[in-house]
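Residue-level listing of the chains:
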Amino acid sequence: MRSTLIALASTVVFAVVVVLVVSTSPGWPEVRQQFFNGEIFRDALHTIPSAFVLNIKIFLIAEAIILVFALLIAVLRSLPGPVFFPLRALAIGYTDLFRGIPTILVIYLLGFGVPALQLSGVPRGELFWGVAALVLVYSAYVAEVYRAGIESVHPSQEAAARSLGLSRTKTLRYVVLPQAVRRVIPPLLNDFIGLQKDTALVALLGPVEAFRQSQIEVASSFNYTPYLVTAILFVLLTIPLARFTDWLVLRDRRRQLALGAAR
Amino acid sequence: MSAAPVLQIEGLHKSFAHEVLKGIDLVLQPHEVVCLIGASGSGKSTLLRCVNLLEYIDSGRVVFLGQDMNSPGIDVDAVRRRMGIVFQAFNLFPHMTVLRNVTLAPRKILGLGRDEAETQAITLLERFGLADKRDEYPDRLSGGQQQRVAIVRALAMRPELMLLDEVTSALDPELVAEVLDVIRELATSGMTMLIATHEMSFARDIANRVCFLEEGVILEEAPPDEIFSSPRNPRTQQFLQRIIAAGRL
């Protein structure tokens with residue numbers, strides 16, 4: 001009770017100080033007009049949220065592909081033995097490359113480069129290549145997360161499965177991967193929070209998603225408030241996922257503590 | 001005994017950084033129980049892992065049910081499913097219930113339907129007093145229960161040979177008996193077993209033959225009464241004296 005009161009008081013004091021500092025600053029009237037214009041805010045609410053639906057679509061499609069593709073890369077990278085060296089090398093090269101190049105460059109290179117090749121049968125859509133770029137970049141990260149999970153499964157688990165007569169593939173499928181994936185769900189979700197934000201980068205190729213739409217609004221109104229609307233939308237989207245991730249981590253820790261106490 | 005041996009090991013060598021097994025010869029007849037005794041690091045576990053092909057052998061032969069396990073083109077998985085192994089650390093699959101632990105291999109390898117596999121698993125679990133644990137996850141079970149489940153999991157594949165690798169070493173003392181009782185029951189039912197153990201009185205009780213391993217060699221092989229009461233090899237004598245001094249026999 002006492003600690004709640006202290007937390008409340010200190011939060012209020014902190015907020016008051018921030019508000020005072022900002023609102024007494026010399027440029028505040030100008031900034032308030034430019035960034036916090038109520039009328040423009042309401043206008044922007046008519047257009048930006050519907051454009052934001054595209055961000056959510058991009059995110060959902062990219063996420064679904066990444067989950068599968070990154071797992072494939074991670075599995076390739078953990079194949080044992082000299083025979084599989086080329087596949088391992090390929091997987092390592094891939095993750096190194098796409099973790100190394102800034103996302104924005106990948107989007108430009110793919111989005112403008114590949115359609116320019118004018119290959120028949122290859123899609124030319126900006127949206128397609130925007131999503132492809134996000135998939136390539138984020139799969140490199142997610143593959144590493146998966147790999148950490150696979151390596152965290154003790155070799156004795158594999159020995160137990162193989163000793164029953166399960167093939168290497170079935171061991172991976174039924175014993176190793178289920179444990180690996182379960183362990184990396186929190187870091188996996190963390191990467192997806194990053195992906196949600198980066199859907200805005202697809203705008204660079206032309207598709208009108210929330211960020212692009214707010215740019216259009218800004219250009220017509222000479223006011224930055226639409227950016228604020230977009231920012232709020234992104235925050236509203238990521239916060240539930242962030243809290244969900246926290247909750248998962250907490251639940252795992254509680255379970256482990258409970259088991260530790262039972263021993 | 002006229003039947004063909006279940007397992008024949010001839011001149012088995014295995015090295016890691018140094019040589020762990022230096023020429024092991026051993027034959028197991030059907031329904032025989034052979035115990036491997038010896039200090040930690042004498043090669044007991046490595047021998048079991050080599051028989052199961054969890055470790056590749058450097059030279060020598062392991063013949064299981066007439067099949068040379070090192071012949072090229074042998075289907076390792078097919079051999080392994082006829083041979084159960086139980087580990088010191090149980091190695092149950094923590095993300096599966098007891099029932100799924102036991103039914104996984106019969107379903108995915110033997111192609112048993114879910115109902116059939118579960119009926120068979122429940123029969124086995126009942127036999128070893130584990131029927132009420134079928135829906136528990138391994139981390140909710142005691143060490144003794146986990147190890148009994150691990151034995152049931154191996155039995156579900158109807159193996160013709162069981163390899164037991166110090167299956168009671170990781171258990172609290174009060175849980176050892178329940179696991180040993182299970183193994184006794186298996187011996188009574190005629191299961192052929194190769195058992196690495198530190199439980200000398202158990203070995204004396206259950207084994208048809210006892211092999212004393214030291215530094216990768218079987219120094220002495222004899223019926224339990226003989227090896228425990230009048231060991232011939234001076235090294236065996238020393239080892240057993242240390243065991244007696246520690247109050248373990």
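Refer to the preceding data block for the structure.
For the structure given in this document, a descriptive report is provided here.

Parameters and conventions
Chains are numbered independently. Their residues run from 1 in the order of the written sequence. To label them, take the chains in the order written and letter them from A, then take the ligands in the order written and number them from 1. In keeping with the model being predicted, local features are shown solely for residues with a pLDDT of at least 70 and side-chain atom pairs are shown and tallied solely at 80 or more, while totals for entire chains, interfaces and linings include all residues. Here, any two strands with at least 2 DSSP bridges between them count as paired. Helix and strand assignments follow DSSP, with helices taken as H or I runs no shorter than four residues and strands as E runs no shorter than two, numbered in order from the N terminus. This entry defines residue contacts through backbone-placed C-beta atoms, with two residues in contact when those atoms are within 7 Å. Inter-axis angles, ranging from 0 to 180 degrees, are taken between N-to-C directions of lines fitted to C-alpha atoms, where helices are fitted over the stretch in contact. Under the grouping applied here, Gly and all other residues not named as nonpolar or charged are polar, the nonpolar ones being Ala, Val, Leu, Ile, Met, Phe, Trp, Tyr, Cys and Pro and the charged ones Asp, Glu, Lys and Arg. What we call a nonpolar core is a set of buried Ala, Val, Leu, Ile, Met, Phe, Trp, Tyr and Cys residues whose membership is set by joining through C-beta atoms within 7 Å. Comment: burial labels come from other C-beta atoms within 10 Å of the residue's own C-beta, placed from the backbone, where a count of 20 or more is buried, 12 or fewer is exposed, and between is partly exposed.

1. Concerning the sheet that holds strand β1 (residues 7–15) of chain B
Residues and elements named next belong to chain B.
Consideration 1: If you trace the four strands from one edge of the open sheet to the other, you get β2-β1-β4-β5, paired in antiparallel fashion. Across the chains shown, the open sheet's two edge strands, defined by having one partner strand only, are β2 (19–28) and β5 (67–68).
Consideration 2: Sheet analysis places β1 next to β2, joined by seven bridges and oriented antiparallel. If you follow H13 over to β2, its bridge partner there is K22.
Consideration 3: The strands that helix α1 (residues 44–51) touches are β1, β2 and β4 (59–64); relative to β2, the one it contacts most, it runs at about 65°.

2. A word on the interface of chain B and chain A
Consideration 1: Contact with chain B, which involves 18 residues of that partner, is made by 17 residues of chain A.
Consideration 2: Counting residues per element, the ones that place at least two in the side of chain B that touches chain A are α2 (76–80) and α3 (98–108) of chain B.
Consideration 3: Looking at which element gives the most residues to the side of chain B that touches chain A, the answer is α3 of chain B, with three residues.
Consideration 4: Of the residues assigned to the side of chain B that touches chain A, the class counts are 10 nonpolar, three polar and five charged.

3. Observations regarding the nonpolar core
Consideration 1: By size, the foremost hydrophobic cluster in this structure holds 131 residues, and its most contacted members are Y138, V142 and Y146 of chain A together with V152, L163, L164 and L194 of chain B.
Consideration 2: Element by element, the count of residues in this core is highest for helix α6 (residues 126–152) of chain A, at 15 residues.
Consideration 3: Leaving out residues up to four positions away in the same chain, Y138 of chain A has contacts with A62, I66, D191 and L195 of chain A.

4. As for the sheet that holds strand β9 (residues 209–214) of chain B
Residue and element names in this part refer to chain B.
Consideration 1: Read from one edge of the open sheet, six strands run β6-β7-β8-β3-β9-β10, paired in mixed fashion. Sheet topology places β6 (83–86) and β10 (217–222) at the edges, where each strand pairs with a single neighbour. Pairs of neighbouring strands in the sheet enclose a mean axial angle of 15°, with direction left out of account.
Consideration 2: Where α1 meets the sheet, its contacts fall on β3 (33–37), β6, β7 (161–165), β8 (193–196) and β9, and the angle it forms with β8 comes to roughly 150°.

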